[in-house]
Number of protein chains: 2
Amino acid sequence: MRTLKLTLAYDGTNYVGFQRQINGLSVQQVLEEAFAPMMPEGVEPPTVAGAGRTDAGVHALGQVATVNVDFAHAASAVQRALNVRLPPDIRVIGVVDAAPGFHARFHALGKSYRYRMATTAVLSPFDRHFVWHAPERKDIARMREAAALLVGKHDFASFQGRGSTVRDTTRTLHRVELRELPGEIVLEIDGDGFLRHMVRAIAGTLAEIGGGRREPADITHMLKARRRAEGGLTAPAAGLTLVSVKYP
Amino acid sequence: MRTLKLTLAYDGTNYVGFQRQINGLSVQQVLEEAFAPMMPEGVEPPTVAGAGRTDAGVHALGQVATVNVDFAHAASAVQRALNVRLPPDIRVIGVVDAAPGFHARFHALGKSYRYRMATTAVLSPFDRHFVWHAPERKDIARMREAAALLVGKHDFASFQGRGSTVRDTTRTLHRVELRELPGEIVLEIDGDGFLRHMVRAIAGTLAEIGGGRREPADITHMLKARRRAEGGLTAPAAGLTLVSVKYP
């Protein structure tokens, strides 16, 4: 058996997320089916493991997935064959042979996400699937003050989406930065791991703080409270992109 | 009667072009229908005149359209009402009152277009509707040499799409520039007017010259020949964007 490490970019607009779901088409399903022409006669396509789930409508510039295969095709040939088969909203941007047993999720040391908020009165038609349209005036200094309070090791239970079964809700954020572009605020977050909806809850909460509906210091209370009801708004999925996954 | 000047941005992917066609949905039709709620009882929505047709799949950052209306709504209220009604792939980015009789097409002095070519081996899923994937290696110096020969007043008959009924095929190009970005070449063209498929034929021809299949000096022969068969490849619509329209 051979382990391949795939790096993927996708426009998540038309998918239920990376992971297989019964209610619609996932990136995982489409990717697994794209292996079919490479499989020996009678052998089913392999299961692909992603580094992270990504919600419906969330995008990726550098999602990582691993797959165990038996065939001898060169990694570069696998990349080409997958891209021929995949729809243009999913692209394999790299394939390499990894150490046998290497696993995209279990061996991930961290992830980087980007969340884009458009602050223009009218949303560009070209951004409609890739940003949250939040035109309310925002004070970025207040957002940065709040962001700084999120950096470090904290219990992020107040920023975890309902319905998650994760027990240990402590995570470490290495970077929570806000960049101001014309008509746009971009949030960049790096951390060792992320709870369900965590980046979106942070983005929504920072937007509320920027808009004056909450105070930067509220972050401290939210982290202490450890209850979702204390956290802020969950920002829409479309603004979120998984930028990269870090490995040893 | 009052004349309103509308500035529009649209993602042309899902439209047959700006102008009404019998074979599908046009930007013009959707825009005219968006006027319905503002019209007095029993009055049909007005006809909107665009500065240029734009082909199916071509985009706009600054298309201009004029419309004659009788109602008293303020220009800013018209903009808001249209954007509420329009799908998110068409946005009205400005509405102003113009001199009565002002016409988006007849009074246009020139237009600026942008054509994007992706030169990466794998096309980003986020660019798939907005660039031409032309990964063949290109010599931009050759393309610039050819572009310089297109600037000025010429008969562009060799760059006019078949089926056009335009008689005078002389146009003046003020600027034909190529910018090199990582993994991308961007063509910027300003002129007093454009023939059918003219920017796409220029983009395709420049790509052929960049790839070594034609010589920069071929431009001179093409301009002299005045026959479409002498011109180069027509590049796909998706790469093209109408950037702005110039008026006195």
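Okay, so let's go over this structure. (Residues numbered from 1 in each chain as written. Chains lettered and ligands numbered in written order. Predicted model: local features only at pLDDT ≥ 70, side-chain atom pairs only at ≥ 80, totals over all residues. Heavy atoms only, no water.)

**Regarding the packing of helix H3 (residues 140–150) of chain A against helix H5 (residues 218–225) of chain A**
Residue and element names in this part refer to chain A. Packing of H3 against H5 brings their axes to within 9 Å, and their N-to-C directions diverge by 30 degrees. Relative to H5, the element H3 lies roughly parallel. The hand of the H3/H5 crossing is right-handed. Contacts between H3 and H5 involve Ala146, Leu149 and Leu150 from the first element and Ile219, Thr220 and Leu223 from the second. Classifying every residue of the contact of H3 with H5 gives five nonpolar, one polar and no charged. (Axes fitted to C-alpha atoms, helices over the stretch in contact; angles between N-to-C directions. Helix = DSSP H or I, 4+ residues; strand = E, 2+ residues; numbered from the N terminus. Parallel < 35°, antiparallel > 145°, perpendicular 65-115°, else oblique. Left-handed = near helix turned anticlockwise from the far one by under 90°. Contact = heavy atoms within 4.5 Å. Nonpolar A, V, L, I, M, F, W, Y, C, P; charged D, E, K, R; others polar.)

**Side note on the interface of chain B and chain A**
The figure often quoted for interface size is the accessible area lost as the parts come together. Taken together, the 21 residues of chain B in the interface contact 21 residues of chain A. Summing both partners gives a buried area of about 1400 Å² for chain B against chain A, and 73% of it is carried by carbon and sulfur. The three residues of chain B that bury the most area against chain A are Val122, Phe126 and Arg128 of chain B, which together make up 43% of that side's buried surface. Counting across the interface, chain B meets chain A through two salt bridges. (Buried area = accessible area lost by both parts, 1.4 Å probe. Salt bridge = Lys/Arg side-chain N within 4 Å of Asp/Glu carboxyl O.)

**What about helix H4 (residues 198–210) of chain A?**
All names here are of chain A. The end-to-end C-alpha separation of H4 is 18 Å, in line with the 18 Å expected for 13 residues at 1.5 Å each. The buried count for H4 comes to 13 of 13 residues, which makes it a mostly enclosed element. A positive phi of about 90 degrees marks glycine 212, the residue just after H4. (Expected span 1.5 Å × (residues − 1). Buried < 20%, exposed > 50% of the residue type's maximum accessible area, 1.4 Å probe, protein only.)

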